Number of protein chains: 2
Amino acid sequence: MRVTRQKKIILDIINHSYDHLTAEQVYIKCRRVISNISLGTVYRNLNNLVDERKIKRIKMKDGDHFDNLLEKHNHFICDNCGRIIDIKDDISLEYKIGNNKIVDYEINFRGICENCLRKE
Amino acid sequence: MRVTRQKKIILDIINHSYDHLTAEQVYIKCRRVISNISLGTVYRNLNNLVDERKIKRIKMKDGDHFDNLLEKHNHFICDNCGRIIDIKDDISLEYKIGNNKIVDYEINFRGICENCLRKE
DNA sequence: CTCCTTAATAGTAATGATTACTATTAAAGT
DNA sequence: ACTTTAATAGTAATCATTACTATTAAGGAG
């Protein structure tokens, strides 16, 4: 696996952004540095970085957003405006986080299931 | 809001399935009852049912899956085969659930953020 | 430093889940 | 039964993402 300029720039953009950028938004920021970078390159590198657990994917209706992993945290997502708010505190299942009203929450565990573990 | 035959059938299919069906899979099952039901109708009703909190959406790379809400539970998703396993027990953050190996988990809270609450 | 191998890229086309559009149908109230 | 209009069927369009391919450049060997 080669360390390309494109990959370094993409990781740098995610790590230095306070927002949760989409691939398209990362692409726009990349073009300020490499004007002819390809959108496919952005997608491929974002996918690789997620696989390497260097960034995190947040699945949203308007496409995936990407987040840095500098500090372990979860997210509060507004059903109304789609805003993604970082939740850095330990999770306590109250009905509010700050002044945000929780309607629902979902916990997804990911890993390798027992069937696949047996086959490996 | 009218109670149509299509909507009743779609909710019935979700509630009587042990799997976590995609819109396409629900569509195929629907066609056994209404042979000319439209895929758009299935999507629209699934979206409505999620909004009404009668079913739950699980976002996956191969498209959304839908799940009944007969019992509150979360999911274990296998990174290898994509299998979705229901987790009905209380959540304890161990490194295993049953014999499934947890690599990561994500918690997404959803609701209305303080900005939007002020505007309402 | 130069050459070589090949992984990664740029540019473009294709895919596929989902949504939009519109004439027609059928809930459900009068 | 009549009327209103929300919901549907069928189809086209959208849009995020992936696939494809000729070209470029990372980085190891000499």
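K.L.:
Explain the packing of helix H1 (residues 5–15) of chain B against helix H2 (residues 23–31) of chain B to me, please; I cannot follow it from the model alone.
P.N.:
Residue and element names in this part refer to chain B. In contact at an axis separation of 10 Å, H1 and H2 are set at 115 degrees when each is read in the N-to-C sense. Taken together, the axis directions place H1 and H2 in an arrangement best described as roughly perpendicular. The interaxial crossing formed by H1 with H2 has right-handed handedness. Along its contact with H1, which presents Ile 9, Ile 10, Ile 13 and Ile 14, the element H2 presents Val 26, Lys 29 and Cys 30.

K.L.:
Would you take a moment to explain the pairing of strand S3 (residues 65–68) of chain A for this structure?
P.N.:
Within a regular strand, side chains alternate between the sheet's two faces. All names here are of chain A. Of the two faces of S3, the one lined by His 65 and Asp 67 and the one lined by Phe 66 and Asn 68 are each fully buried. Sheet analysis places strand S1 (residues 21–22) next to S3, joined by two bridges and oriented antiparallel. Pairing of Thr 22 across the sheet is with His 65, part of S3. With four bridges joining them, strand S2 (residues 55–58) and S3 adopt antiparallel strand pairing. Across the sheet, the residue bridging to Ile 58 is His 65, located in S3. With antiparallel pairing between neighbouring strands as the criterion, S2 and S3 make up a hairpin whose turn holds six residues, including Gly 63 at a positive phi of roughly 110 degrees.

K.L.:
Sorry if this is basic, but what is going on with the interface of chain A and chain B here?
P.N.:
In many analyses, interface size is given as the accessible surface area lost on bringing the parts together. With 40 residues of chain A in contact, the opposing surface of chain B contributes 40 residues. For the pair chain A and chain B, the summed buried area comes to about 4,400 Å², and 52% of that belongs to carbon and sulfur atoms. Ranking the residues of chain A by area buried against chain B places Glu106(A), Phe109(A) and Arg110(A) at the top, with a combined share of 20%. Inspection of the region where chain A meets chain B yields zero salt bridges.

K.L.:
Looking at this structure, how should I read the protein's contact with DNA strand D?
P.N.:
Taken together, 18 residues surround DNA strand D, and among them Val3(A), Tyr43(A), Asn36(B), Thr41(B) and Arg44(B) come closest. The protein-proximal atoms of DNA strand D, defined as those within 4 Å of the protein, are 74% sugar or phosphate. Asp64(A) has a polar backbone atom sitting 3.0 Å from a phosphate oxygen of DNA strand D. Thr41(B) places a polar side-chain atom, nitrogen or oxygen, 2.5 Å from a phosphate oxygen of DNA strand D. Elements with a contribution of two residues or more to the surface near DNA strand D: helix H3 (39–51) of chain A together with helix H3 (39–51) of chain B. Residue composition of the surface near DNA strand D, grouped by class: five nonpolar, eight polar and five charged.

K.L.:
Looking at this structure, I do not really get H2(B). What am I missing?
P.N.:
Residue pairs three or four apart in sequence face the same way in an α-helix, which turns once every 3.6 residues. All names here are of chain B. Taken together, the buried positions of H2 are Ala 23, Val 26, Tyr 27 and Cys 30. Along the axis of H2, the buried positions cluster into a sector of 105 degrees, meaning they face one direction only. Each element contacted by the buried residues of H2 is listed here: H1, strand S1 (21–22), H3 and strand S3 (65–68).

K.L.:
Could you clarify how one ought to interpret the domain arrangement of chain A in this entry?
P.N.:
All names here are of chain A. Each assigned domain of chain A is listed with its residue range as follows: domain 1 (5–68) and domain 2 (73–119). The C-alpha centroid of domain 2 is placed 22 Å from the C-alpha centroid of domain 1. If you look at the interface, domain 1 gives six residues, while domain 2 gives six residues. The largest per-residue losses of area from domain 1 upon contact with domain 2 belong to His 20, Ile 58 and Met 60, which jointly make up 59% of the total buried on that side. Viewed at the interface, domain 2 and domain 1 are joined by zero salt bridges. Here domain 1 and domain 2 share three residue pairs in polar contact (both at pLDDT 80 or more) between them. Looking at which element gives the most residues to the side of domain 1 that touches domain 2, the answer is S3, with three residues.

K.L.:
Just checking my understanding: could you explain the relation of the copies chain A and chain B for this structure?
P.N.:
Rotating chain A by 180 degrees and translating it 0.0 Å along the rotation axis places it on chain B, where the RMSD comes to 0.1 Å. Accordingly, the operation relating the two chain copies is best matched by a two-fold axis. For chain A, the smallest separation between a C-alpha atom and the rotation axis is recorded for Ile107(A), amounting to 2.2 Å. Both copies contact each other with a shared surface, as 100% of the interface residues of chain A are interface residues in chain B too.

Criteria and thresholds
Residues numbered from 1 in each chain as written. Chains lettered and ligands numbered in written order. Predicted model: local features only at pLDDT ≥ 70, side-chain atom pairs only at ≥ 80, totals over all residues. Heavy atoms only, no water. Axes fitted to C-alpha atoms, helices over the stretch in contact; angles between N-to-C directions. Helix = DSSP H or I, 4+ residues; strand = E, 2+ residues; numbered from the N terminus. Parallel < 35°, antiparallel > 145°, perpendicular 65-115°, else oblique. Left-handed = near helix turned anticlockwise from the far one by under 90°. Contact = heavy atoms within 4.5 Å. Buried < 20%, exposed > 50% of the residue type's maximum accessible area, 1.4 Å probe, protein only. Pairing = 2+ DSSP bridges. Buried area = accessible area lost by both parts, 1.4 Å probe. Salt bridge = Lys/Arg side-chain N within 4 Å of Asp/Glu carboxyl O. Near = heavy atom within 4 Å. Polar contact = N/O pair within 3.5 Å; in protein donor to acceptor, adjacent residues only side chain to side chain. Nonpolar A, V, L, I, M, F, W, Y, C, P; charged D, E, K, R; others polar. Arc of directions from axis to C-beta. Domains from an automatic or database assignment. Least-squares fit on C-alpha atoms with pLDDT ≥ 70 in both.

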